[in-house]
Amino acid sequence: MSTRQVGEKVQRVEDPRLLTGNGRYLDDLGQGALQAAFVRSPHAHARITDIDVTDALDVDGVEGIYTYEDLDGRTGETLPVLIPHPSLTHPRTGHCLARDVVKHVGEAVVMVVARDRYLAEDACARIRVSYEPLPVVVGVEQARSGGHRVHDDVPDNVAAHLVQEVGDVEAALAAAPNTLTLELDIERSASMPLEGKGVYARWDTDDGSLRLYSSTQTSTGVRAAVAAKLGMPLAKVEVVTPDVGGGFGVKIVHPWPEEVLVPWAARRLGRDVKWTEDRREHFVSSSHERGQLQQVTVGFDDDGRLLGLDVRFWHDNGAYTPYGVIVPIITATQLLGPYKPGAYRVEWWSLYTNTVLVTPYRGAGRPQGCYAMERTMDAIAAHLGLDRAEVRSRNFIQPEEMPYDQGLMFQDGRPLRYDSGDFPASLAKLKALVGWDDFAAYRALAEREGRRVGIGIGCYVEGTGVGPYEGGVVQVETSGRVNVATGLTTQGQSHQTAFAQIVADELGVPMADVHVTTGDTRRMAYAVGTFASRGAVMSGNAVALAARVVRAKALRIAADALEVSPDDLDIADGVIAVKGAPGTSIDLKTVAVLSNPLRYAFDTSAQAATQFAGTFDPEKPPVADDDEPGLEGQDFYSPTQATFANGMHAAVVETDPVTAEIRILRYCVVHDCGTMVNPMVVEGQVHGGVAQGVGGALYERMVYDESGQLLNASFMDFLMPYATEVPHIETDHLETPSPLNPLGIKGAGEAGTIPVTAVIASALEDAEGFPIRSMPISPSELWELRLAHASDTAAPQEGSP
Amino acid sequence: MSEPVTEQLIEITLRVNGVPRTAAAPARRLLSDFLRHDLGLTGTHVGCEHGVCGACTVLLDGDPVRSCLLFAVTARGHEITTIEGIGDDPAALSPVQQAFVECHGLQCGFCTPGFVTTITAYLDEHPDPTPEQAREAVSGNLCRCTGYQNIVRSVLRAAEIRRERAGGDDR
Amino acid sequence: MKITGTSTLDAPVEQVWEAILDPAVLAVCIPGCSSLTTVGDDRYAMTVTAGVAAIKGTYDGEVALGDLQAPSGLTLRARGAGSPGTIDADVKVRLTPNGGGTEVTYDANASVGGAIGGVGQRMLSGVTRKMAGEFFTALDAHIATGGAAPSVAAGVPSAAVAVPAAAGTPAVGTTFTGRAAAAPAAPTSTRDLVLAAVAGGLLALAGVALGARIGRRR
């Protein structure tokens, strides 16, 4: 009997390779290729008046120097708007190389291709671009004041504006016994994978085809976009995603200008061309996220129940909108969390600024929405003198109310309808884990020692597994090897292990026989990509369904061969046997042989499939009308809507009474992502998300000056947490399986990140006794807030635990 | 008119992973690039090129250094150990490598070689760290995927495996 | 592709005019030219070894001088083909007095094909302007020394060629040897090529220049 793999902490099959220096990341490939480098704008907003390349010509080894004028055909068009939306009335995208005007520091102006990167950068350094600076817009406040325009034809810098409403908020607020208004803000951070972007193009002059490698989150997306921009048929373009050193959202945007320009140059020069960005390039020419200003007005009764919620927020989307307005849409919808808001109205503006693009970063707008809601919950509790967990609990959607329709449209164009979840149970687990009810005693003890501590809480709901679909192909070779391919990509999510676990279980084969390929358009050309916590839900189910097709076919062929009914058979360890009669059996690999009638036996095992072997009925065609040769199956999973995971976090923080230094003493996570394929992998995802959340709460921000210069464009000044900044993370799980897919899986990729900023703010408020509305917060900022609130009493909030 | 630029190449010989390796490169070639591109040892990764992330960490005469902050010429006459030198056979992992597998200490794997070299050198000096010491030991390397929990556990597990192996067969 | 530029020469307009119209002078001043043969009235076939960075090659081409308006302007029509690709250009040249010297402005309309076209417009126009600059500098130097060689940068290999002076009007089929005729086997850049030629052959070719001046005049 095979051991069941799904649900087990199976060690990763990709690890031995990656641990011994045998990873193949983008820059490891193409050692003989020409290399590209870029001259990028040093100005946030300027007109290009001249480009003088004369001095660069003396650099030995330069093969080409390109500007906008060289971009022929569709390559010279603006980059696509990937996700149009009715609210996005003024979408704007850039060109691959700037055309006349640059709109943010870092925008690419000239591409140099040379024998190696050092020489390419030498040439770039010698290229003189002349600019005429134009007025710069930085930050939400400046953008919405409308004084200067980022784009001449976009009034007030508004790319998009949307109002969504359920119920009558004005009436609800007017009738509410209590109302509060909060002004909140969150600053920018960014995905910051350890490996930046990279593109490697192999142009085959013999047959005019392109094989493109890109450190991307979507092979099929890049393929379609690049084929379109290069005017090539899809059949002549293949995209392979190599090992990727992290994505976290920034690599889902496509095509990056370089993803078009590098293959374009390769075709033009008839040579392989490669480009990998350096860290500064990543800071100024990829994308950021998180920056919003928010205003919440809430009406509630004396028990803390929400009656009406009126939210307005202003979202900074940077200079261009290639990814549309997914982030503010997600903020607006996921803000509701596990609660019933009463009447709800949300209005947002997405604004242009002369800064780097804003596209999804792990959480993709959910952290901002959670922040708004959770700060509001804490404010309600403080106002009424109630326990913060209790107030939340009173507003929960109850398990028996599932499925619960919030009455809004979600980011997949489908209803925001929670399918499952038990919020009271999650909260109970969290309170037990962190010792919520015992905290008052702990605090009293700490105070006696002169220490200042606080506890915070945050809840969220996460719509995961958005469509439109993913697919799987499962194929059994005559050796018994099982090949699995799915089109989405991998950036550390353990797909090679998790999907192998699923197929091993479905097909009844040892895991060691199962080999998974992701992100290769040659193996699976229909796919969407890895983002929005959808990998396990979408491809996990797709490969399971494909494996079931193969299993059914295998049983049918085996049943024929053994002269039994398929219902009498089971597969375990790669052997198909009659249930209860293990002596009557046939190997799966033999079935693979029989599935493909042969004229020529390529080895002794294949002889059984040839015409004189007596294995085929001479009255029937070797391949039936409704059948295909081979033991292979393909299927797709396409959901009617997202499936909703949820989680709750709590943190205990300590602040130094004198220096205002902040330490996280404990961090607790309870989350529900339905069935877990590999609990070890899920936990790892949560840990990583929490670490990024801690970074965003206490350390990470993008500092722009008034001329649009990014002042901290390096790891020296953009502070990401090391091991000493991330606390020990305690986790507990709830598993309410998703009713929406065969395996019951919900996504978990972003879970760790979503509530962290809100939770830390909540804990700091509890420790300090005054509102914390602006995040991230540094010790010196906390110290300033203390001074500002010096007139308030230093006692903890009334009624807090 | 400006002068043409042609770089002088220098023959650089280093001992890498116990073996003398030679390649011709300009004086300004970083050690990280020399290892990766001139010697083809792509296990060492480059994350920032300004010495903060630690992904490029290799051992220079047994001590961890940022190979992105060294010129290849500077390393002449020294012994360099890269991740491939710690173990390049997926079927025969070193104690630290084995610990990472058992503890799920890596996800995307990009920062991992830097951690493995750092931890290998650390355990040679401090074979029996406490959890706090283990956390301190890896606090100079960035990881964006794991949140460090399992990396710290990997340090402790690696110490155990070293003891187990020393107690049993050699190595 | 449009390429424009100017060069300032010390020589006076009339001398510049004469020099441009003189095939022997063209042969020694065009960068990378190894030979130039008269094929008709103001029409020459030439072989030029030049190129953009790593895309270097030898071109066979034709250049025809037209729209002659002494001494202020003419049009050059050039066509060439070689392994790196093809070139087709119309260049309007204007000579204007500037103090005691000449300001030469050129305005070219060019189209390129093949690999050489792959390097990008600015690189191509940049190299073209450089070569034009080298041509006019060489022209100026040539005139200044009365056709004898100016002093040469040290360390550049020599390329000595001697060709008997032609007497009278060069007939169709007369070949003038360019400085690049005996260039070193593998130049590392176009610029090296030109320098090599300049350094080497001038003394030896002084005789040719003298002979050319005795030859055809306008």
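Residue numbers restart at each chain and count upward from 1, following the sequence in its written direction. Labels follow written order: the first chain is A, the first ligand is 1, and so on. Predicted model: local features are reported for residues with pLDDT of at least 70 only, side-chain atom pairs are reported and counted for 80 or more only, and whole-chain, interface and lining totals are derived from all residues. Only hydrogens and water are set aside when side-chain values are computed; all heavy atoms of the structure are taken into account.

Chemist: Teacher, can you tell me more about the overall build of chain C here?
Modeler: Secondary structure elements are taken from DSSP: a helix is a run of H or I of four residues or more, a strand is a run of E of two residues or more, and numbering for both begins at the N terminus. Per the secondary structure count, chain C includes four helices and eight strands. Starting at the N terminus and walking to the C terminus, you meet the elements of chain C as β-α-α-β-β-β-β-β-β-α-β-α. Out of the 218 residues belonging to chain C, those deemed buried represent 49%. Surface accessibility of chain C: about 9300 Å² in total, with carbon and sulfur atoms responsible for 56%. Whether a residue is buried, partly exposed or exposed follows from its accessible area with a 1.4 Å probe, protein chains only, as a fraction of its type maximum: under 20%, in between, or over 50%, in that order. The accessible surface values rely on the Shrake-Rupley method and a 1.4 Å probe; as for residues, cover is taken only from the protein chains in view.

Chemist: Explain the confidence of the model for chain C here, please?
Modeler: Do not read the predicted coordinates in detail wherever pLDDT is low. All names here are of chain C. For every residue, the predictor assigns a confidence score, pLDDT, that lies between 0 and 100. Across chain C, the average pLDDT comes to 74, with 69% of residues at 70 or higher. Contacts are residue-level and defined by heavy atoms, with any inter-residue pair within 4.5 Å sufficient. Confidence drops under a pLDDT of 50 for residues 148–168, and excluding neighbours within four residues, the segment shows 36 contacts in the predicted structure. We note a pTM of 0.90 for the whole complex and an ipTM of 0.96 for its interfaces.

Chemist: What's the story with the domain arrangement of chain A in this structure? I'm lost.
Modeler: Residue and element names in this part refer to chain A. As annotated, the domain borders come from an automatic or database domain assignment. The assigned domain composition of chain A is domain 1 (32–134 + 191–285), domain 2 (292–466 + 640–790) and domain 3 (468–637). Averaged C-alpha coordinates put domain 2 and domain 3 at centres separated by 43 Å. Taken together, the contact pairs 21 residues of domain 2 with 22 residues of domain 3. With both chains or domains summed, domain 2 and domain 3 bury close to 1500 Å², and 59% of this area falls on carbon and sulfur atoms. Per-residue buried area on domain 2 facing domain 3 is highest for Val466, Val677 and Leu743; these three make up 34% of the total on that side. Identification of polar contacts relies on pairs of N or O atoms within 3.5 Å, with a donor-acceptor requirement for protein atoms, meaning one able to donate a hydrogen and the other able to accept it, and with residues adjacent in sequence counted only if both atoms are side-chain atoms. For the pair domain 2 and domain 3, the number of links is 10 residue pairs in polar contact (both at pLDDT 80 or more). Its residues placed into classes, the side of domain 2 that touches domain 3 shows nine nonpolar, nine polar and three charged. Computed with a 1.4 Å rolling probe, the buried area is the accessible surface lost when two parts are put together, summed over both parts. Only Asp, Glu, Lys and Arg are considered charged, only Ala, Val, Leu, Ile, Met, Phe, Trp, Tyr, Cys and Pro nonpolar, and every remaining residue, Gly among them, polar.

Chemist: Can you help me understand the sheet that holds strand S4 (residues 101–102) of chain A in this one?
Modeler: What holds strands together in a sheet is hydrogen bonding between their backbones, with the strands either parallel or antiparallel. All names here are of chain A. As summarised here, the arrangement of the three strands in space is S4-S2-S6, forming an open sheet in which the pairing is antiparallel. Two strands close off the open sheet at either side, each with one partner strand: S4 and strand S6 (128–133). Only strands that DSSP links by at least two bridges are regarded as paired with each other. Note: strand S2 (residues 46–52) against S4, two bridges, orientation antiparallel. Residue pairing across strands places Ala46 opposite Val102, the latter belonging to S4.

Chemist: Would you mind going over the interface of chain A and chain C with me for this structure?
Modeler: One frequent convention defines the size of an interface as the accessible area lost when the parts assemble. Each partner contributes to the interface: chain A provides 16 residues, whereas chain C provides 14 residues. For the pair chain A and chain C, the two sides together bury roughly 1300 Å², of which 50% comes from carbon and sulfur. Any carboxyl oxygen of Asp or Glu within 4 Å of a side-chain nitrogen of Lys or Arg constitutes a salt bridge here. Our count for the chain A to chain C interface comes out at two salt bridges. In this structure, Arg122(C) engages Glu69(A) in a salt bridge whose closest nitrogen and oxygen atoms are separated by 3.0 Å. Counting across the interface, chain A meets chain C through 10 residue pairs in polar contact (both at pLDDT 80 or more). At the level of secondary structure, the elements contributing two or more residues to the side of chain A that touches chain C comprise strand S3 (62–66) and helix H6 (257–269) of chain A. By residue number, the principal contributor to the side of chain A that touches chain C is S3(A), which donates five residues. Looking at the side of chain A that touches chain C, its residues break down into seven nonpolar, three polar and six charged.

Chemist: Sorry if this is basic, but what is going on with the pattern of salt bridges here?
Modeler: Close approach of charged atoms allows side chains of opposite charge to pair. Residue and element names in this part refer to chain A. Taken as a whole, this structure holds 69 salt bridges over all chains when the rule is applied. With a closest N to O distance of 2.7 Å, Glu781 and Arg701 form a salt bridge. Taken together, the residues span a long stretch of sequence, with Glu781 in helix H18 (residues 779–788) and Arg701 in the loop between helix H16 (679–698) and strand S30 (729–734) at a distance of 80 residues. What makes Glu781 partly exposed here is its relative accessible area of 30%. On the basis of relative accessible area, Arg701 is assigned to the buried category, the value being 16%. Bridged by salt links that share partners, the residues Arg40, Arg117, Glu121, Glu258, Asp278 and Glu281 form one connected network.

Chemist: When you look at the side chain of Thr57(B) in this model, what are you seeing that I'm missing?
Modeler: Among the structural elements, Thr57(B) can be located in strand S3 (residues 57–60). Residues contacting Thr57(B), with those up to four places away along its chain left out, are Pro64(B), Val65(B), Arg66(B), Pro113(B), Gly114(B), Thr117(B), Thr118(B) and Asn141(B).

Chemist: Looking at this model, I keep getting lost on helix H5 (residues 219–229) of chain A. Mind explaining?
Modeler: Side chains of residues three or four places apart in an α-helix project in the same direction, reflecting 3.6 residues per turn. Residues and elements named next belong to chain A. Among the 11 residues of H5, nine are classified as buried, and the element is accordingly described as predominantly covered. Among the residues making up H5, those that are buried are Ser219, Thr220, Gly221, Val222, Arg223, Ala225, Val226, Ala227 and Lys229. Contacts from the buried residues of H5 go to strand S10 (209–214), strand S11 (237–240) and H6. One side-chain oxygen of the residue at the start of H5 lies 2.9 Å from the amide nitrogen of Gly221, identifying that residue as Thr218. One or two positions beyond H5, positive phi appears at Gly231, with a value near 65°.

Chemist: What exactly am I supposed to notice about the packing of H16(A) against helix H17 (residues 756–768) of chain A here?
Modeler: Axes are the key here: two packed helices are described by the angle between their axes and the distance separating the axes. Residues and elements named next belong to chain A. As a rule, the C-alpha atoms of each element are fitted with a line to give its axis, helices using only the stretch in contact, and angles between N-to-C directions run from 0 to 180 degrees. Where H16 contacts H17, the two axes come as close as 8 Å, and the packing angle between them is 55°. Classified by the angle between their axes, H16 and H17 sit oblique to one another. H16 and H17 meet at a crossing whose hand is right-handed. Between H16, through Val690, Gly693, Val694, Gly696, Ala697 and Leu698, and H17, the contact on the second element is made entirely by Val756, Thr757 and Ile760. For the contact of H16 with H17, the per-class residue count stands at six nonpolar, three polar and no charged. Small angles under 35 degrees read as roughly parallel and large ones over 145 as roughly antiparallel, with 65 to 115 read as roughly perpendicular and the rest as oblique. Take the far helix as the reference: if the near one is turned anticlockwise from it by less than a right angle, the crossing is left-handed, and if turned clockwise, right-handed.

Chemist: Sorry, what's going on with the pairing of strand S2 (residues 33–40) of chain C here?
Modeler: In summary, the side chains of a regular strand alternate between the two faces of the sheet. Residue and element names in this part refer to chain C. Most of S2 is tucked away, with six of its eight residues classed as buried. The sheet contact formed by S2 and strand S8 (residues 175–177) spans three bridges and is antiparallel. Pairing of Thr37 across the sheet is with Thr175, part of S8.

Chemist: Just checking my understanding: could you explain the interface of chain A and chain B for this structure?
Modeler: Contact with chain A, which involves 64 residues of that partner, is made by 57 residues of chain B. Between chain A and chain B, a total of about 4800 Å² is buried, with carbon and sulfur atoms accounting for 56% of that surface. Looking only at chain A, the three residues that lose the most surface to chain B are Leu19(A), Tyr118(A) and Leu194(A), adding up to 17% of its buried area. Across the contact surface, chain A and chain B share four salt bridges. Residue Asp27(A) pairs with Arg36(B) through a salt bridge whose shortest N-O separation is 2.8 Å. Applying the counting rule to chain A against chain B returns 27 residue pairs in polar contact (both at pLDDT 80 or more). For the side of chain A that touches chain B, the secondary-structure elements that each account for two or more residues are helix H1 (15–19), helix H2 (117–126) and H16 of chain A. In terms of residues, the side of chain A that touches chain B owes the most to one element, H16(A), which gives eight residues. When its residues are assigned to classes, the side of chain A that touches chain B shows 26 nonpolar, 21 polar and 17 charged.

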